[in-house]
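Spelled out, the chains give:
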Amino acid sequence: MKINLIKNLSANALQLVLNQLFGLIIFYVLSASLDKNSFGQINLALAVLLAAFNILSLGIDQLIIKRIASGEHVQKTLSLYIIHVLISGTFFYGLLLLAKIVFPQTGYTYHIILLIAIGKLMIYLSLPFKQVASGMERFKLLAYMSVISNFIRCICLLVFALLHSIAVHTIIIIFIVGDVAELLVCIYLYKRCIETNLIIQWDKINYIKLLRETIPQSGVVVITSALARFDWIFIGFVLSAVKLAEYSFAYKVFELSTLPLLAIAPLLIPYFTKLFKQQDKQLPNLKSLIRIEIVIAVLTALLLNICWSPIIDWATSGKYGAVNAKTIFILSLCMPLLYVNNFLWTIYFAQGRLKMILSSFIITLIANVAGDLLLIPYYKNEGAAFAFLLACLAQTLFYLKMNQIAELKTIWQSLIICTGCALCSGLIVKFLFSNNCLTLLFSCLIYIALLLLTNQIRSTDRLFFRELSNS
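As the structure is a computational prediction, the values presented were derived from the model and not from experiment.

Digging into the overall build of the protein chain
Right, on to step 1. The secondary structure content of the protein chain amounts to 18 helices and zero strands.
Right, on to step 2. Counting all 471 residues of the protein chain, 52% fall into the buried class.
Right, on to step 3. Counting contacts in the protein chain only where the partners sit at least 6 residues apart, residues at least 24 apart contribute 82% of the total.
Right, on to step 4. Roughly 21400 Å² of accessible area belongs to the protein chain as shown, and the carbon and sulfur atoms make up 70% of that amount.

Focus: the side chain of His84
Right, on to step 1. Note that His84 resides in helix 4 (residues 74–102).
Right, on to step 2. Only 2.8 Å separates the side chain of His84 from the backbone oxygen of Leu56, close enough to count as a polar contact.

Points about helix 17 (residues 436–453)
Right, on to step 1. End to end, helix 17 covers 26 Å across 18 residues, agreeing with the expected 26 Å (1.5 Å per residue, within 8%).
Right, on to step 2. Thr439, Ser443, Cys444, Tyr447 and Leu451 are the residues of helix 17 that are buried. The arc enclosing the buried residues of helix 17, seen along the axis, measures out at 125°, which places them on a common side. Exposed positions of helix 17 whose direction lies more than 90 degrees from the buried face are Cys437, Leu452 and Leu453.
Right, on to step 3. Looking one or two places after helix 17, you find Asn455, whose phi comes out positive at around 65°.

Describing unusual backbone geometry
Peptide bonds are, in most cases, trans, and in most cases residues other than glycine have a negative phi.
Right, on to step 1. Although it is not a glycine, Lys380 adopts a positive phi angle of roughly 55°.
Right, on to step 2. On the secondary structure map, Lys380 appears in helix 15 (residues 354–402).
Right, on to step 3. On the accessibility criterion, Lys380 (37% relative accessible area) is partly exposed.

Focus on a nonpolar patch on the surface
Right, on to step 1. A contiguous nonpolar surface patch, about 650 Å² in accessible area, is contributed by Phe91, Leu95, Leu98, Ile101, Val102 and Phe103.
Right, on to step 2. Its place among the elements puts Leu98 in helix 4.
Right, on to step 3. According to the relative accessible area criterion, Leu98 is partly exposed, its value standing at 47%.

Some points on the packing of helix 5 (residues 108–135) against helix 7 (residues 168–193)
Right, on to step 1. The N-to-C vectors of helix 5 and helix 7 enclose an angle of 15°; their axes lie 8 Å apart at closest approach. The orientation of helix 5 relative to helix 7 falls into the category roughly parallel. Taken as a pair, helix 5 and helix 7 cross one another with a handedness that is left-handed.
Right, on to step 2. The class makeup of the residues in the contact of helix 5 with helix 7 is 18 nonpolar, two polar and four charged.

Some remarks on the pattern of salt bridges
Right, on to step 1. All chains considered together, the criterion is met by five salt bridges.
Right, on to step 2. Measuring nitrogen to oxygen at the nearest pair gives 2.2 Å for the salt bridge that ties Lys130 to Glu182. Taken together, the residues span a long stretch of sequence, with Lys130 in helix 5 and Glu182 in helix 7 at a distance of 52 residues.
Right, on to step 3. On the basis of relative accessible area, Lys130 is assigned to the buried category, the value being 9%.

Concerning the packing of helix 10 (residues 241–256) against helix 13 (residues 325–332)
Right, on to step 1. In contact at an axis separation of 10 Å, helix 10 and helix 13 are set at 35° when each is read in the N-to-C sense. The handedness of the crossing between helix 10 and helix 13 is right-handed. Contacts between helix 10 and helix 13 pair Tyr247, Ala250, Tyr251 and Phe254 from the former with Thr327, Ile328, Leu331 and Ser332 from the latter.
Right, on to step 2. Each residue belonging to the contact of helix 10 with helix 13 can be placed in one class, and the counts come to six nonpolar, two polar and no charged.

Some thoughts on the side chain of Thr300
Right, on to step 1. Secondary-structure assignment places Thr300 in helix 12 (residues 283–315).
Right, on to step 2. Residues in contact with Thr300, not counting those within four places in the same chain, are Ser257, Pro260 and Met335.

Basis of the calculations
Sequence order as written defines residue numbering, which begins from 1 separately in each chain. Note on the predicted model: pLDDT of at least 70 is required for a residue's local features to be given, and 80 or more for side-chain atom pairs to be given and counted; whole-chain, interface and lining totals, by contrast, use all residues. Note that water and hydrogens are dropped before the side-chain values are worked out from all heavy atoms of the structure. Helix and strand labels come from DSSP, where a helix needs a run of H or I of at least four residues and a strand needs a run of E of at least two; each type is numbered from the N terminus. A simple rule labels every residue: compare its accessible area, found with a 1.4 Å probe on the protein chains alone, to the largest value its type can have, and call it buried under 20%, exposed over 50%, or partly exposed in between. Residue contacts are counted whenever heavy atoms from the two residues lie within 4.5 Å of one another. The accessible surface values rely on the Shrake-Rupley method and a 1.4 Å probe; as for residues, cover is taken only from the protein chains in view. Any pair of nitrogen or oxygen atoms within 3.5 Å is treated as a polar contact; in protein, a donor-acceptor pairing is required on top of that, and neighbouring residues in sequence qualify only through side-chain atoms on both sides. To estimate how far a helix should reach, multiply one less than its number of residues by 1.5 Å. The arc in question is the one traced by the directions running from the helix axis out to the C-beta atoms. Only residues whose relative accessible area exceeds 30% and that form no salt bridge enter a patch; like-charged residues are grouped when within 9 Å of one another, and nonpolar side chains (Val, Leu, Ile, Met, Phe, Trp, Tyr) when within 5 Å. Any carboxyl oxygen of Asp or Glu that lies within 4 Å of a side-chain nitrogen of Lys or Arg is treated as forming a salt bridge with it. The axes used here are C-alpha line fits, helices contributing only the stretch in contact, and every angle between their N-to-C directions lies in the interval 0 to 180 degrees. If an angle is under 35 degrees, it is roughly parallel; if it is over 145, roughly antiparallel; if it lies from 65 to 115, roughly perpendicular; otherwise it is oblique. By convention the crossing between two helices is left-handed if the near helix lies anticlockwise of the far one by an angle smaller than a right angle, and right-handed if it lies clockwise. Three classes are used: nonpolar for Ala, Val, Leu, Ile, Met, Phe, Trp, Tyr, Cys and Pro, charged for Asp, Glu, Lys and Arg, and polar for all others, with Gly counted as polar.

Here's what the structure looks like:
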């Protein structure tokens, strides 16, 4: 079991590192090669499509992982999900084409949406194969399935950038080619590596049963999809594509900085599902795990702020660094909250508390949308970041209130202590050092020293990881 855990974590971490690396190169090439207006238009199109296809999934993707981890029949489960993505994906793209016919005077951004949607539809159709691999804890296979699109985009964009031939239409073609390739690779790898026949059968009764089972989760998905990119869409339409380019750059780097969370999160769903199914909650281990996650989250936020302006202004010739310094600071305060929210959400999802999860996301959506509507017109990008912080905090407070595990009721203390340690270390090095390398080094050393003094890093943590590996 220890070897399997290490292999799973390594494979999942590897594909995330590769995807984030390729994504970072893609994002950098686009931001450096395009003017802010064109870069903002592409990001607006991607934001709309990301929200749309997430909504179309209705949360079935997470339910599929849970079903397969619980031992349900793989072929039948996969067949139901494939049918869903075929029906919903075809219907959505049909609506996009119909809107183009009915309203032929649509703007340039809509043309971009219509073309990029071809590729995003291919990614959407590949989801069932990835979710089956995740539910079966075949994370090495999942890694192969997940990196191909970004790999092709990255290589092609680098070639065109070296040739100084980057243009919007070239970018769209590269995106479509990469997404189609990922679908084909997913189908090929599934047939080769999963010892289950790929048979698609229409099963009306079980499909309706699946939709009914996912009703509470579908509400969560609709809300989280709106929450994930509402600020992008609102900035793009209310302010300008230029302001969206600046905000999306800061938000994208913030997302990239959550790599440790992205590595851990897929492992938690099958792990907690089996844990609670066996009635073996291992509560002290859960408390230690979330405390360590918070330590990692806050350290990442600290490094992000220390490195931001010097590195980003150097890398983008002054386009996206200093102008986003306040925005990235506010967003970085969300990082430990995201770790806690994901941890508690996974526990509640494994316990089947879907209605409570839906309520939490309704509260989060209201807080985020209200914050965006009130703050963005006056405070622009910083207002959007602060609205996101308020939404994350609202969700954290609700999850903590609804928590029924006694050992997890005090995790808010680690949140406050670790964040305070990071703020203190950042302020200290700001007044003591002007050299960037010394600032980075001593901020980490002071942060770790404060964590030791406050008992957030303990000598028993090594034993905890050994127990977790053998569990």
